[in-house]
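# Structural features, examined
As a plain string of letters, each chain reads:
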Amino acid sequence: MKAWAKKILHEFPSDLSRLWIASDPDGVLLDEQILSELRERGFEVLPFEDSVAFRAEYEELYRIPWEQGDAGAAKAVVLHAQSNDLSELPWDYLRSARQVRLGLNELFPNLSYSVVQQVGSELLPDLFEAHAKHAPQPLGEAATKDFVLTHIYRLSPHLIAREEDLWRETLRLHYRDVSLPVVLAEYISQVIGDNTAFKSIPIASILGQKDFALRTVQDSWYQYLHGLGITGTRISDGEPSPHIPQVSIPFDHHDIRVIVDSMFLDGTLHPMAVNGVPHDLPEWAKAGVIQDPKAMRDLILDGAKTLSEEMPGADSSYRDWLHFSRRFGEILSRFHSLDAYQAEGIRAEMRGFVQDVDERLAQWVAKHYADLPSLPIARGPVMLHHVPRYLAMKHNLNDEKIALVVFDGLALDQWVQIRESLVKAYDKLMFSELSCFAWLPTLTSVSRQALFSGLRPREFPDDIESTSREPVYWKRFWQDQGVRPSDVYFQKSIKRNDDLPALEDKLSSPSVKVAGLVVDTVDEIIHGAVLGKQGVATQIANWCESGFVTRLFRYLLDNGYQVYLTADHGNAAAKGIGRINQGVGADLRGERVRTYRNETTLAETAKANPDTVHINVPGLPTDFLPLFAQGRGAFVPEGDQVVVHGGMSLEELIVPFVKVSYVN
């Protein structure tokens, strides 16, 4: 266990109190390892966001059972208040609880608090150890920036003197899915900006914005090939954009070509389709060109092999899985874009790869999914019910308008396809891409309601089988943030261009501050799919060509909205294992999951149907018990091939969360 975790856990001796209050303005308690260790010691950490909701859960599951001599749901409860001011907490809690104060200013007394605040929570354990070893005296703001860059990001701006130095560090960061905090990216720009070698390079933007950096690298790659006399057709993206700087990157430098080669393999960069390759083209550069469909097929297999070797495990961080999911989506999107003949030639290998991913993720879910609802959201939502709070936290609602566009049923690989079509159609669009976890089971009534309400499903038990109250929950959340109900808009069943004029008329109202929009087209496509996910990809391509998505995003951006895209769940190809032997009927029937209202019925059904698995999902109502089809099975006639959702495969469980903007 790292010193960081030991330091924080030391504040919670298990025998001192049953109710604790943690004043934690920076969310340092909400670390995966710390939460897991606390749970093993009998502590349950409950966020204090709503007094009524907290009291109802605490009284029912913990205090009343304790007073009756029962064990309760945990031995002790930590009320987690993400604030320094505890005066608004209920008086009876303040009187009876043991209080602990946590904060970055106390944990890092020799570093600038304003800088440490910008460091991702996943990096704080390493920073804590570096602080103990290498910061014996207080450091100012500039010195703290150098300290963090050196000890955490392994990067020193004072050693960046040549173009290859800058691009090596940029590619190294983005390949690991690490973008520097704005404050550090701008600091590096200030330190090295006077170097004439970097005059044409927007240093802060390429270090701090992954999409901007990769599109810059992509355009430079095509220029590099042209310089070698190689011409061809761009794959996936459009022609060079006037909004992206045209720079010459020294790709043949050893430190750069090693990273670029890996980026082509995992789909981060796109190769060029060419008619012929010079015999003297370096071996490392061949990953960036495609001569025939077989070459693309081989590139997909090589990419899947690379990802298999780097697949997270049962003890990995949730961040590792989110990062892996985006690379997985790129590879899967390539596979679904192949023609039927080429796809069939590698289908068995891809099926094995996907099965390995699902099995590894299922092991991780069993150990760590319970920690996700409480994790901090400062860098981005971890689960879908975090999204509204993240949006409210990020934006000044007096000055900015927000639009959350939810693509019902959109999987990560399908987002990749839509993203590339958007870039082709309008190259001024830019995407800041993250991903987050949907709720299990990955059903619309569960996960989408959590998304629009900002609540865990346990907090809307009466509505968990319906979506009819989504507009009410959406408006209620924003009303709690101080937004008038009349300034909040909600609309679902948006599908095609014919729906846009009426929508644009509504959104043009100056009173609308927050809009929640549901685009149903992808969900309709997958529920009608008869040719698997390849067929779904073809239909999505046709839909994108209609210009609907481009027009929607352009309208929102042109009218001053801060635009975010996500999905309530994804979708996966599955094979029928037969209709489930119900016994007593399930309350909610999905193609990948059934839910039951009592444990006896669940146990009987699971015993009669061995190809099923029950997982205790924290955050669900206590009488909402899911039974999942194992693997890629579905509760449809045996042998039927379908595209469905409800289960826990990576394609269903992890969804895109993307900020859509214009290039600055």
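Residues numbered from 1 in each chain as written. Predicted model: local features only at pLDDT ≥ 70, side-chain atom pairs only at ≥ 80, totals over all residues. Heavy atoms only, no water.

## Here's the deal with the sheet that holds strand β19 (residues 641–644)
The pairing of strands in a sheet comes from backbone hydrogen bonds and takes either a parallel or an antiparallel form. Which entries qualify depends on this criterion: By the convention used here, strands pair only if DSSP detects at least 2 bridges between them. The secondary structure listing takes helices from DSSP runs of H or I that are at least 4 residues long and strands from runs of E that are at least 2 residues long, numbered from the N terminus.
An order of β18-β13-β19 is seen for the three strands of this open sheet, with the pairing classed as mixed. Only two strands of the sheet have a single partner each, and these edge strands are β18 (633–634) and β19.

## Re the packing of aromatic side chains
Definition in use: Put simply, two rings from Phe, Tyr or Trp (the six-membered ring, in Trp's case) pair if the centres are within 6.5 Å, and we call them stacked under 30 degrees between planes, edge-to-face over 60, tilted for the rest. Think of it in three bands: residues with accessible area under 20% of the maximum for their type are buried, residues over 50% are exposed, and the middle band is partly exposed, with areas taken using a 1.4 Å probe on protein chains only. Distance and angle both matter: a charge sits over a ring if NZ of Lys or CZ of Arg is within 6 Å of the ring centre and within 35 degrees of the ring normal.
Following the criterion strictly, the structure yields 36 aromatic pairs and no others. When the centroid spacing of 5.5 Å and the interplanar angle of 80 degrees are considered together, the rings of Y58 and Y93 count as edge-to-face. Of the two residues, Y58 is situated in helix α3 (residues 51–67) and Y93 in helix α4 (residues 91–96); the sequence distance between them amounts to 35 residues. Each member of the pair, Y58 as well as Y93, carries the same accessibility label: buried. Considering the side-chain rings of F460 and Y473, the 5.9 Å spacing of their centres and the 45 degrees angle between planes classify their relative orientation as tilted. Here F460, found in the loop between α19 (444–453) and α20 (470–480), pairs with Y473, found in helix α20; they are 13 residues apart in sequence, far enough to count as distant. One aromatic cluster is present, built from ring pairs that chain together F48, F54, Y58, Y62, W66 and Y93. In this arrangement the basic side chain of R554 is found over the ring face of Y426, its NZ or CZ atom lying 3.7 Å from the centre.

## A look at the side chain of R215
The condition is simple: Throughout, a contact is declared for two residues whenever any of their heavy atoms are within 4.5 Å.
If you trace the backbone, R215 turns up in helix α12 (residues 210–227). With relative accessibility at 12%, the residue R215 sits in the buried group. Those residues in contact with R215 that lie beyond four places of it in its chain are S241, I244, V423, D427, L429 and M430.

## Concerning the environment of G639
Position of G639 relative to the elements: it lies in the loop between β18 and β19. Residue classification places G639 among the partly exposed residues on the basis of a relative accessible area of 34%. Once the C-alpha coordinates of G639 and A574 are considered, the two residues, 65 residues apart in sequence, prove to be 9.4 Å apart. Here G639 is in contact with K575 and G576, once residues within four sequence places are set aside.

## Regarding the sheet that holds strand β6 (residues 272–274)
Basically, it comes down to this: Here, axes are lines fitted to C-alpha atoms. For helices the fit covers the stretch in contact, and angles between N-to-C directions go from 0 to 180 degrees.
With mixed pairing, three strands are arranged side by side in an open sheet as β5-β6-β7. What marks the edges here is a single partner per strand, and that holds for β5 (232–234) and β7 (289–290). Across three bridges, β5 lies against β6 in antiparallel orientation. Paired with G232 across the two strands is V274, which belongs to β6. Here α12 sits on the sheet and contacts β5, β6 and β7; the angle it forms with β6, its principal contact strand, is near 25 degrees.

## Topic: the side chain of K145
Considering the arrangement of structural elements, one finds K145 in helix α8 (residues 141–151). A residue is classified by how much of its surface remains accessible, and K145, at 10% relative accessible area, is buried. If near-sequence neighbours (up to four positions away) are discounted, K145 is found in contact with V115, V183, L184 and Y187.

## Side note on the nonpolar core
Worth spelling out the cut-off: For our purposes a nonpolar core is just a set of buried Ala, Val, Leu, Ile, Met, Phe, Trp, Tyr and Cys residues, chained together by side-chain atoms within 4.5 Å.
In terms of nonpolar packing, the biggest core is built from 136 residues, with Y153 and F437 touching the most fellow members. Counting residues per element, this core draws most heavily on helix α16 (residues 340–368), which supplies nine residues. Apart from the residues within four sequence positions on either side, Y153 is in contact with L123, V148, R172, L173, V178, L180, P181 and L184. Within the second largest apolar cluster, 67 residues are counted, among which are W415, A438, I526 and W543.

## Things to note about the environment of R351
Locating R351 in the fold gives a position in helix α16. The class of R351 is exposed, set by a relative accessible area of 51%. It is 57 Å that separates the C-alpha atoms of R351 and W91, two residues lying 260 residues apart in sequence.

## Brief notes about the pattern of salt bridges
As a reminder of what qualifies: Salt bridges are defined as contacts in which a side-chain nitrogen from Lys or Arg sits within 4 Å of a carboxyl oxygen from Asp or Glu.
In the structure shown here, the tally under the stated rule is 48 salt bridges. Across the pair D266 and R327 runs a salt bridge whose closest N-O atoms are separated by 2.9 Å. Taken together, the residues D266 in the loop between α13 (254–265) and β6 and R327 in helix α15 (residues 318–337) connect sequence positions 61 residues apart. Of the residues examined, D266 reaches a relative accessible area of 1% and is grouped as buried. When salt bridges that share partners are traced, they join R162, E164, D165, R168, E169, R172 and D255 into one network.

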